[in-house]
Amino acid sequence: MRSSNPVFSRRGFSRDNGHAGFTAAPAGGPAVGTNPYATNPYAPQQGTQLGGPQAPARADVMTIDDVVARTAMTLGTVVLTAVLSWVLLPVDDANLGKSYGIAIGAALVAFVFAMIQSFKRTPVPALIFAYAAFEGVFLGVISNAVSTYISPGVVIQAVLGTMAVFAGVLIAYKMRWIRVTRRFYGFVMAAAMGFLILMAVNALFALFGGGDGLGFRSGGLGILFGVVGIILGACFLALDFKQVEDGVAYGAPREESWLAAFGLTVTLVWIYTEMLRVLSILQGND
C-alpha cells in the first residue's frame, strides 16, 4: 500500500469483485483482483478450508488500532511543530519576511521528504516524522499570519472545518454512501491532476507577473478553487479509508500502518490548507 494523498501515486489492496481494486499492482507484483499479500511467507495459504488445519495467528498484521496510533503520532508532530513555529517565528512587520522565508523553506523540505517516502516500497518512520515536522513549521507560520492579518478566529474555524470533513467522509464511507470503485479512483486522480496543473500555472504567473497570477487563489475564483480543493481532499480521504480497510482485511504487515498514517496526514494537511484559504478569502472580503 503506497501513500495516499492528492499528489503521490498509490497501490491499493484488490478484492475479487473489483469494487475495492482501484489501482494496479506494482511491477512484478500480483495481478489486480488478487490479494497482494498472498505470496508472502506469513500469509494464509490458498486452499485452506474452514474447519481444517488453521494457520497460526499472526501478531505482525496491521490493525485499525495501529493506524489510529500512528496517525495520532504524525498529526501530533504536525501540531507540535506548528505551535512552536507560531510562538518562535513572529509574523509582525519586522519579522514577516524572515518567517515567511523559513516557512517556504520548510514546505520545500517537507515536500522532498514526502516524495522520497512516496517512492519507497516500505515505510521509513523517520522520513514520515521529518515530513510532519517541517510541514508543521510551514502551517504554523501561515496560520499565524492569517490569524494576525485576516481574523483571529479563522484558524480554529479551519481546524473545525477539517474535522467536520473528516467525520463526514468517514460516516459516508461507513454507511456505503461513498463507493470506491475504479471509476471513482480514475475520476479523482484526473481531477486532482488538472487541479494541480492549474495551481502550478497560476503560481508561475504569480512568480513572474506578480499578484495572484491568473486569480485562482483570490476573489471569487479563489473561493471556487478552494472549495474544489476541499472536495478533492474529501475524495482522497475516501481512498485512504479504502486502503486501510483492505489492508486490515488482507493482513498487511504492521509496518504498512505507517504508510496509512502518512497518507491520512498528507490528506488532512491538504484539506486544512484549502479550508484556511477559503475562510481567509471570505473573511478578508468582509
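Each chain carries its own residue numbering, running from 1 in the direction its sequence is written. Local features in this predicted model are restricted to residues of pLDDT 70 or higher, and side-chain atom pairs are both shown and tallied only at a pLDDT of 80 or more, whereas totals for entire chains, interfaces and linings draw on every residue. Side-chain measures were taken over the full set of non-hydrogen atoms in the model, leaving aside hydrogen atoms and water.

(A) Expanded view of the overall build of the protein. Per the convention used, a helix needs a DSSP run of H or I reaching at least four residues, while a strand needs a run of E reaching at least two, with both numbered from the N terminus. Each helix and strand in the protein was counted, giving seven helices and zero strands. The helix and strand sequence of the protein, counted from the amino end, reads α-α-α-α-α-α-α. Of all 286 residues assigned to the protein, the portion counted as buried reaches 46%. Any pair of residues with heavy atoms lying within 4.5 Å of one another is described as a contacting pair. Taking the contacts inside the protein whose residues are at least 6 apart along the sequence as the reference set, 77% of them involve residues at least 24 apart. Only protein chains enter the calculation, and the probe is 1.4 Å; a residue is then buried if its accessible area is under 20% of its type maximum, exposed if over 50%, and partly exposed in between.

(B) Quick peek at the packing of aromatic side chains. What counts as a ring pair is set by centres within 6.5 Å for rings of Phe, Tyr and Trp (its six-membered ring), and what kind of pair is set by the plane angle: stacked under 30 degrees, edge-to-face over 60, tilted for all other angles. Applying the stated rule across the entire model yields seven aromatic pairs. Between the aromatic rings of phenylalanine 166 and phenylalanine 241, the centroid separation amounts to 5.5 Å while the plane-to-plane angle is 80°, which identifies the pairing as edge-to-face. One end of the pair, phenylalanine 166, is in helix H4 (residues 154-174); the other, phenylalanine 241, is in helix H6 (residues 219-249), with 75 residues separating them in the sequence. Judged by relative accessible area, phenylalanine 241 falls into the buried class, the value being 9%.

(C) Layout of a nonpolar patch on the surface. Note that patches include only residues with greater than 30% relative accessible area and no salt bridge, and the join distances are 9 Å for like charges and 5 Å for nonpolar side chains (Val, Leu, Ile, Met, Phe, Trp, Tyr). Surface accessibility follows the Shrake-Rupley procedure with a 1.4 Å probe radius. Residue values consider only the protein chains on display as shielding. Take a side-chain nitrogen of Lys or Arg and a carboxyl oxygen of Asp or Glu: if they are within 4 Å of each other, that pair is a salt bridge. A cluster of nonpolar side chains, namely Val79, Leu80, Val83, Leu84, Trp86, Val87 and Leu88, defines an oily patch on the protein surface of about 690 Å² accessible area. Locating valine 79 in the fold gives a position in helix H1 (residues 64-88).

(D) The side chain of serine 257, seen in detail. With respect to the helices and strands, serine 257 occurs in helix H7 (residues 256-284). Each polar contact in these results corresponds to two N or O atoms within 3.5 Å; when the atoms are within protein, one needs to be able to donate a hydrogen and the other to accept it, and residues that are neighboring in sequence are counted only if both atoms are side-chain atoms. Among the polar contacts listed, one links the side chain of serine 257 to the backbone oxygen of arginine 254, at a separation of 2.6 Å. Those residues in contact with serine 257 that lie beyond four places of it in its chain are Met62, Asp66, Val67 and Arg70.

(E) Region of the structure containing H6. The end-to-end C-alpha separation of H6 is 45 Å, in line with the 45 Å expected for 31 residues at 1.5 Å each. At the exit of H6 stands glycine 251, carrying a positive phi of roughly 70°. Expected span, for any helix, means 1.5 Å times one less than how many residues it has.

(F) Inspection of the confidence of the model for the protein at higher detail. Of all residues in the protein, 74% have pLDDT values of 70 or greater, and the mean over the chain is 79. pLDDT under 50 marks residues 1-57. Its contacts with residues more than four places away, or in other chains, come to 127 contacts. Every residue is assigned a pLDDT by the predictor, reflecting its confidence on a scale from 0 to 100.

(G) Region of interest: the environment of alanine 191. Here alanine 191 lies in helix H5 (residues 182-209). When the C-alpha positions of alanine 191 and glycine 229 are compared, they lie 9.8 Å apart, and in sequence the two are 38 residues distant.

(H) Up close: the nonpolar core. Among the nonpolar cores identified, the biggest contains 58 residues, and Tyr131, Val165, Val169, Phe184, Leu237, Leu239 and Leu276 are the most heavily contacted of them. The leading source of residues in this core is H7, at 14 residues. Once residues within four sequence positions are removed from consideration, phenylalanine 184 is found in contact with Ile178, Arg179, Cys235, Ala238 and Leu239. Residues grouped as a nonpolar core are buried Ala, Val, Leu, Ile, Met, Phe, Trp, Tyr and Cys residues, joined through side-chain atoms within 4.5 Å.

(I) Up close: the pattern of salt bridges. Under the criterion given, the structure shown has five salt bridges. The residue arginine 254 makes a salt bridge to aspartate 66 at a minimum N-O spacing of 3.1 Å. Of the two residues, arginine 254 sits in the loop between H6 and H7 while aspartate 66 sits in helix H1, which places them 188 residues apart along the sequence. For the salt bridge of lysine 242 with aspartate 246, the shortest nitrogen-to-oxygen distance reads 3.9 Å. Of this pair, lysine 242 and aspartate 246 both sit in helix H6, four residues apart, which is roughly one turn of that helix. Under the relative-accessibility criterion, lysine 242 is labelled buried at 1%.

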